[in-house]
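Observations on chain architecture
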Amino acid sequence: MIILEAVTIVRDGREIICDYSEQIPAGSITVIVGANGSGKSTLLAAIAGDLAPIKGTITIGDIQPILIPSAQLAKIRAMALQNQNYTLGFTVKEIIEMAGDSKEVMDALDLSALANRHVTTLSGGEVQRVAIATAIAQKTPVLLLDEPLAAQDIYSRKRIIELMQKLAEAGTTVVVVVHSNESELTWADKVIEGL
Amino acid sequence: MGIAVSAIFTATVGLLSAVVTRADARSISFWNFGSLALITRENLVGISATAVVGAVIAWKISPSLDRLSLGDSTAFHLGVNVARTRLIALVALSLLAGGAVSTVGSIAFIGLAAPHIARFIYGPSHRNLIIHTAIIGALLVVVADTLARSIAQPNELPIGLITSLLGAPVLIALVTVKNNIWKTR
């Protein structure tokens, strides 16, 4: 369970999230939905420990992400960024194996055929899938995905959603940020709107 | 930032050259151009120590450097302590570059060309890069020194001149041919 208690987050001098409380159940898919600039990615970054709230607390289980070393935190939560940018020519397999085993997750996300391709030669959707696969390969109890469906075709969307469902069934707490134009959220166990 | 720091140190060297004795000024100027002519056995012991310690540290933090190349945020998500890794990398870098420069002076382009050539041939993995950069860098220095000693006999040309003449075109060629060598193997 992820618990946010009266959280206020300021970014670049602007209050993005104010006095916000929420509970995200374990072993389920929770979707944070909202328009551009509503603070959904900021909230995800705060859960990931990237940002410290100026007020309130965020806890994963009984751990506050901002208080523990990065190596320990990486065993608890994994995160895939929305706009991952790869500048060096590592292969897809090499990148995913920086996090853990690659085979299973590459099969699940249709990346096996791209295993030896350089990430700098991939399309936007493929890059996003590599970032998602890397986060999943970390095999953490909490998985945070920032707009994982944004650049995907229908086939890939289906695969990603099915994989999230499978992970949630196996006990992973999946938190996903999606844009408000995402219409069907039937795959979500909980939807958080209007931050 | 790098340009500014470089300007400050260049100015400091210029100031020192102006206030020291003529003999010292000559050795500063000699050091500025770089040379392998005055290396002693003691120098070799010193540079071996800094090279080995620096290389071992670099080797140890290579997996973190690989992750760091994915961006600070992603590296952090993968468990890398970004600030500490940068600091350790700076220590390794200082030992490797400082040890070499204090022994043979500043020889232009080796530090720039060798890792780029290694990355171009062997890919971006830092463990690979450390070994191959060392070999390629050593080869470049030996070839350049041999040319510097033999081209204009009996005079010896500054080795920095040769490495610039060799290294700069190689770098330009790599950048031009492959558009962006950071992105390719």
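The text that follows walks through the structure, step by step, so that each part is easy to find. Keep in mind that what you see is a predicted model, and the values were worked out from it rather than measured.

1. Points about the overall build of chain B
- Helix and strand counts for chain B come out as eight helices and zero strands.
- Of the regular secondary structure in chain B, the N- to C-terminal order runs α-α-α-α-α-α-α-α.
- Projecting the C-alpha coordinates of chain B onto the three principal axes gives extents of approximately 55 × 35 × 35 Å.
- Across the 185 residues that make up chain B, the buried fraction comes to 30%.
- Partitioning the intrachain contacts of chain B with sequence separation of at least 6 by distance along the chain shows that 62% fall at a separation of at least 24.

2. Notes on the sheet that holds strand E8 (residues 190-192) of chain A
Residues and elements named next belong to chain A.
- Read across the open sheet, the five strands follow the order E5-E6-E7-E3-E8; overall the sheet is parallel. For this open sheet the edge positions go to strand E5 (77-80) and E8, each flanked by a neighbour on one side alone. Between one strand axis and the next, the sheet turns through 20° on average, direction left out of account.
- Of the pairings in the sheet, the one linking strand E3 (residues 29-34) to strand E7 (residues 173-179) comprises six bridges and is parallel in character. Directly across from Val-31, in E7, lies its bridge partner Val-176.

3. Overview of the pairing of strand E1 (residues 2-11) of chain A
All names here are of chain A.
- With seven bridges joining them, E1 and strand E2 (residues 14-24) adopt antiparallel strand pairing. Across the sheet, Arg-11 pairs through a bridge with Arg-14, a residue of E2.
- Hairpin connection from E1 to E2: two residues lie between these consecutive antiparallel strands, with Asp-12 at a positive phi of about 50°.
- Both E1 and strand E4 (residues 55-60) contribute to a ladder of five bridges, which runs antiparallel. Within the sheet, the bridge partner assigned to Ile-3 lies in E4 and is Thr-59.

4. Comments concerning the interface of chain A and chain B
- Each partner contributes to the interface: chain A provides 26 residues, whereas chain B provides 18 residues.
- When chain A packs against chain B, the two sides together hide about 1,900 Å² of surface, and 60% of this comes from carbon and sulfur.
- For the interface between chain A and chain B, the tally reads zero salt bridges.
- Where chain A touches chain B, the interface holds nine residue pairs in polar contact (both at pLDDT 80 or more).
- Listed by contribution, the elements that provide at least two residues to the side of chain A that touches chain B are helix H2 (70-73), E5 and helix H3 (92-97) of chain A.
- In terms of residue count, H2(A) provides more of the side of chain A that touches chain B than any other element does, three residues in total.
- Residues that form the side of chain A that touches chain B fall into these classes: 12 nonpolar, 11 polar and three charged.

5. Observations concerning the pattern of salt bridges
Residues and elements named next belong to chain A.
- As enumerated under the stated definition, the model contains seven salt bridges over all chains in all.
- For Lys-103, the salt bridge goes to Asp-107, with nearest N and O atoms at 2.9 Å. In this pair, Lys-103 and Asp-107 are both assigned in helix H4 (residues 103-108), four residues apart and thus about one turn of the helix distant.
- A salt bridge links Glu-162 to Lys-158; its shortest N-O distance comes to 3.3 Å. Residue Glu-162 and its partner Lys-158 are both found in helix H6 (residues 154-169); the two are separated by four residues, about one turn of the helix.

6. Comments concerning helix H3 (residues 41-68) of chain B
Residue and element names in this part refer to chain B.
- Spanning 28 residues, H3 covers 38 Å between terminal C-alpha atoms, matching the ideal 40 Å at 1.5 Å per step.
- Maximum bend of H3: about 55°, positioned at Ser-62, with proline Pro-63 one to four residues after it.
- Taken residue by residue, H3 has Gly-54, Ala-58, Ile-61, Ser-62, Leu-65, Asp-66, Arg-67 and Leu-68 as its buried positions.
- On its buried face, H3 sits against helix H4 (72-77), helix H5 (82-104) and helix H7 (126-150).

7. What to know about a nonpolar patch on the surface
Residue and element names in this part refer to chain B.
- A cluster of nonpolar side chains, Trp-59, Ile-131, Ile-135 and Leu-139, forms an exposed patch at the surface whose accessible area comes to about 380 Å².
- When residues of the nonpolar patch are assigned to their parent elements, the largest contribution, three residues, is made by H7.
- Looking at the element boundaries, Trp-59 is found in helix H3.
- By relative accessible area, which is 36% here, Trp-59 ends up partly exposed.

8. As for the sheet that holds E4(A)
Residue and element names in this part refer to chain A.
- The strand order E2-E1-E4 describes an open sheet built from three strands, whose pairing is antiparallel. In this open sheet, the two edge strands, each paired with only one partner strand, are E2 and E4. With strand direction ignored, the average angle separating the axes of adjacent strands in the sheet is 25°.
- Along the sheet, helix H1 (residues 40-48) contacts E1, E2 and E4; its crossing angle with E1, the most-contacted strand, is approximately 115°.

Rules and cut-offs
- Positions within a chain are numbered from 1, following the residues in the order the chain's sequence is written.
- Ligands are numbered from 1 and chains lettered from A, in the order in which they are written.
- Only residues with pLDDT of at least 70 get local features here, since the model is predicted, and only at 80 or more are side-chain atom pairs given and counted; chain-wide, interface and lining totals rely on the full set of residues.
- With hydrogens and water stripped out, all remaining heavy atoms of the structure feed into the side-chain values.
- By the criteria applied, helices consist of DSSP H or I runs no shorter than four residues and strands consist of E runs no shorter than two, each listed in order from the N terminus.
- Remark: exposure states derive from per-residue accessible area (1.4 Å probe, protein chains only) relative to the maximum for the residue type, with buried under 20%, exposed over 50%, and partly exposed in between.
- Whether two residues are in contact is decided by their heavy atoms: any pair within 4.5 Å suffices.
- For two strands to be treated as a pair, DSSP must find at least two bridges joining them.
- Only the stretch in contact is used when fitting a helix axis, every axis being a line fitted to C-alpha atoms; angles between N-to-C directions are given from 0 to 180 degrees.
- Buried surface area refers to the total accessible area, computed with a probe of radius 1.4 Å, that the two partners give up upon joining, counted for both partners together.
- Throughout this description, the term salt bridge denotes a Lys or Arg side-chain nitrogen within 4 Å of a carboxyl oxygen of Asp or Glu.
- For the purposes of these results, a polar contact is taken to be a pair of N or O atoms within 3.5 Å, where, inside protein, one atom must be able to donate a hydrogen and its partner to accept one; residues adjacent in sequence count only when each atom of the pair is a side-chain atom.
- Throughout, the ten residues Ala, Val, Leu, Ile, Met, Phe, Trp, Tyr, Cys and Pro are labelled nonpolar, Asp, Glu, Lys and Arg are labelled charged, and all others, Gly among them, are labelled polar.
- The span you would expect from a helix comes to 1.5 Å times its residue count less one.
- Bend at a residue means the angle formed by two fitted axes: the first through the 7 residues ending at that position, the second through the 7 residues beginning there.
- Here, patches come from residues exposed beyond 30% relative accessible area and free of salt bridges, joined within 9 Å for like charges and within 5 Å for nonpolar side chains (Val, Leu, Ile, Met, Phe, Trp, Tyr).
- The Shrake-Rupley method, run with a 1.4 Å probe sphere, supplies the accessible areas, and residue values consider only the shown protein chains as cover.

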